[in-house]
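# A closer look at the structure
Listed below are the residues making up each chain.
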Amino acid sequence: MTKKELLYYKTYTQENHSEWIVFIHGAGGSSSIWYKQIREFKEHYNLLLIDLRGHGRSANSFRNLWNEKYTFPNVTKDIIEVLDHLNLPPAHFMGVSLGTILARQLAEMEPHRVKSLIMAGAVTKLNFTSRLLVVLGNTFKSVLPYMWLYRLFAFIIMPLNHHAESRNLFIREAKRLCQKEFIRWFKLTKDINPLLRFFKEKDLNIPTFYVMGEEDIMFLESVRKIVAGHKQAFLEVIKSCGHVVNVEQPEIFNQLTLSWLKNYKQYSKTSVDIS
């Protein structure tokens with residue numbers, strides 16, 4: 001039996017840092033989505049950045065290696081294998097877009113590994129528009145070139161002119177996927193709503209910080225509802241910002257998240273101003 005390769009990962013470490021942050025990108029992206037966070041965050045934490053299967057620098061090594069069905073638990077196990085390989089202590093996990101689902105799945109599967117969760121542009125429920133996109137994608141995913149669909153999704157999720165940088169970044173990174181890999185990942189969409197309903201109903205009591213853009217019309221309202229129902233969930237909304245908050249407003253995002261991480265153990269519903 002051939003030994004399974006690990007996902008591509010990169011670490012930034014300093015001897016005087018004891019705490020780790022694990023960064024998880026979204027579908028069609030890569031760890032390059034965090035390029036506006038690395039310089040500031042590595043001054044305070046050890047960092048682990050991972051390219052998911054079929055994405056970024058994991059694409060060349062893994063394109064034809066997975067025979068098992070793509071599921072959220074299976075994709076999350078890839079991340080856990082990297083954590084095991086590095087013998088990583090309990091860490092903070094930061095996800096963006098679909099990466100927030102994987103971060104939450106990891107916290108569900110192995111909560112002892114998770115000190116806190118930071119959810120940027122979190123996906124907690126598919127609204128009517130996003131469900132319609134899923135139906136459209138599933139109908140045409142094997143017929144149309146996947147980049148047509150991806151560009152359409154990117155423009156609907158990030159429609160405004162000042163969303164262009166994050167929109168173009170995702171489109172550029174998605175070009176590294178092949179059609180077969182895109183279809184494998186897109187099949188996960190059928191599992192999203194049942195999984196998100198379960199996440200909404202189950203509060204893990206892990207400190208969780210949601211950072212959303214006020215223009216994230218697809219996902220913001222559902223995040224407000226989940227924060228209202230979970231004891232250790234908190235929300236900040238960044239003005240004049242869309243879905244990919246860490247790219248569109250990096251200075252504000254970095255300030256908010258670093259401040260929250262510094263004091264996350266002290267946070268309670270009475271001490272946090274929820275936007």
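Above this note sits the structure.
Heads up: these notes are all about the structure in this document. Quick caveat: nothing in here was measured; it's all calculated off a predicted structure.

Definitions and cut-offs
- Residues numbered from 1 in each chain as written.
- Predicted model: local features only at pLDDT ≥ 70, side-chain atom pairs only at ≥ 80, totals over all residues.
- Heavy atoms only, no water.
- Buried < 20%, exposed > 50% of the residue type's maximum accessible area, 1.4 Å probe, protein only.
- Helix = DSSP H or I, 4+ residues; strand = E, 2+ residues; numbered from the N terminus.
- Pairing = 2+ DSSP bridges.
- Axes fitted to C-alpha atoms, helices over the stretch in contact; angles between N-to-C directions.
- Contact = heavy atoms within 4.5 Å.
- Phe/Tyr/Trp six-rings, centres within 6.5 Å; stacked < 30°, edge-to-face > 60°.
- Expected span 1.5 Å × (residues − 1).
- Polar contact = N/O pair within 3.5 Å; in protein donor to acceptor, adjacent residues only side chain to side chain.

Our focus in this paragraph is the pairing of strand β6 (residues 208-213). Of all 6 residues that make up β6, 6 are buried, and the element is covered over most of its length. Burial along β6 is two-sided: Thr208, Tyr210 and Met212 and Phe209, Val211 and Gly213, pointing in opposite directions, are all buried. With 4 bridges connecting them, strand β5 (residues 114-120) and β6 associate as parallel partners. Paired with Ala120 across the two strands is Val211, which belongs to β6. Bridge count for β6 against strand β7 (residues 233-238) is 6 bridges, and the pairing is parallel.

In spatial order, the strands read β1-β3-β2-β4-β5-β6-β7; together these 7 strands make up an open sheet with mixed pairing. In this open sheet, the two strands that pair with only one neighbour each are β1 (9-12) and β7. The mean angle between the axes of side-by-side strands here comes to 15°, regardless of whether they run parallel or antiparallel. As paired strands, strand β4 (residues 91-96) and β5 are joined by 6 bridges and run parallel to one another. When the bridges of β5 are listed, Met94 appears paired with Ile118. Strand contacts of helix α3 (residues 72-86): β1, β2 (20-24), β3 (46-50) and β4, with the helix running at about 140° to β3, the strand carrying the most contacts.

Here we take up unusual backbone geometry. The phi torsion at Ser97 lies on the positive side, around 55°, for a residue other than glycine. Tracing the backbone through its elements, the reader meets Ser97 in the loop between β4 and α4 (98-109). Residue class for Ser97 comes out buried when judged on its relative accessible area of 14%. Positive phi, normally seen in glycine, also occurs at Ser240, with a value near 50°.

Looking now at the packing of aromatic side chains. For the structure on display, the rule yields 4 aromatic pairs. Pairing Phe23 with Phe41 gives two aromatic rings, centres 6.0 Å apart and planes at 85°, and the pair type is edge-to-face. Residue Phe23 is found in strand β2, and its partner Phe41 is found in helix α1 (residues 38-41); the two are separated by 18 residues along the sequence. As far as burial versus exposure is concerned, Phe23 and Phe41 are alike and both buried.

Moving on to the side chain of Glu108. Inspection of the secondary structure puts Glu108 in helix α4. We classify Glu108 as buried; its relative accessible area is 18%. When residues no more than four places from it in sequence are discounted, the contact partners of Glu108 are Phe198, Phe199, Lys202 and Leu204.

A word on helix α7 (residues 164-174). Burial within α7 is extensive, with 8 of its 11 residues counted as buried. Taken together, the buried positions of α7 are Ala164, Ser166, Arg167, Leu169, Phe170, Ile171, Glu173 and Ala174.

Before going further, it helps to spend a moment on the environment of Ile33. Topologically, Ile33 is positioned in the loop between β2 and α1. When the C-alpha positions of Ile33 and Leu169 are compared, they lie 7.6 Å apart, and in sequence the two are 136 residues distant. In contact with Ile33, other than residues within four places in its own chain, are His25, Val96, Leu169, Phe170, Val244, Asn246 and Val247.

Moving on, we get to α3. Over its 15 residues, α3 runs 22 Å from end to end, which matches the ideal 21 Å to within 8%, given 1.5 Å per residue. Among the residues of α3, Phe72, Asn74, Val75, Thr76, Asp78, Ile79, Ile80, Val82 and Leu83 are the ones counted as buried. Put simply, Thr71 is the residue that caps the front of α3, since its side-chain oxygen is 3.1 Å from the backbone nitrogen of Asn74. Backbone geometry just after α3 places Asn87 at a positive phi near 50°.

Shape is all these values report; function is a separate question.
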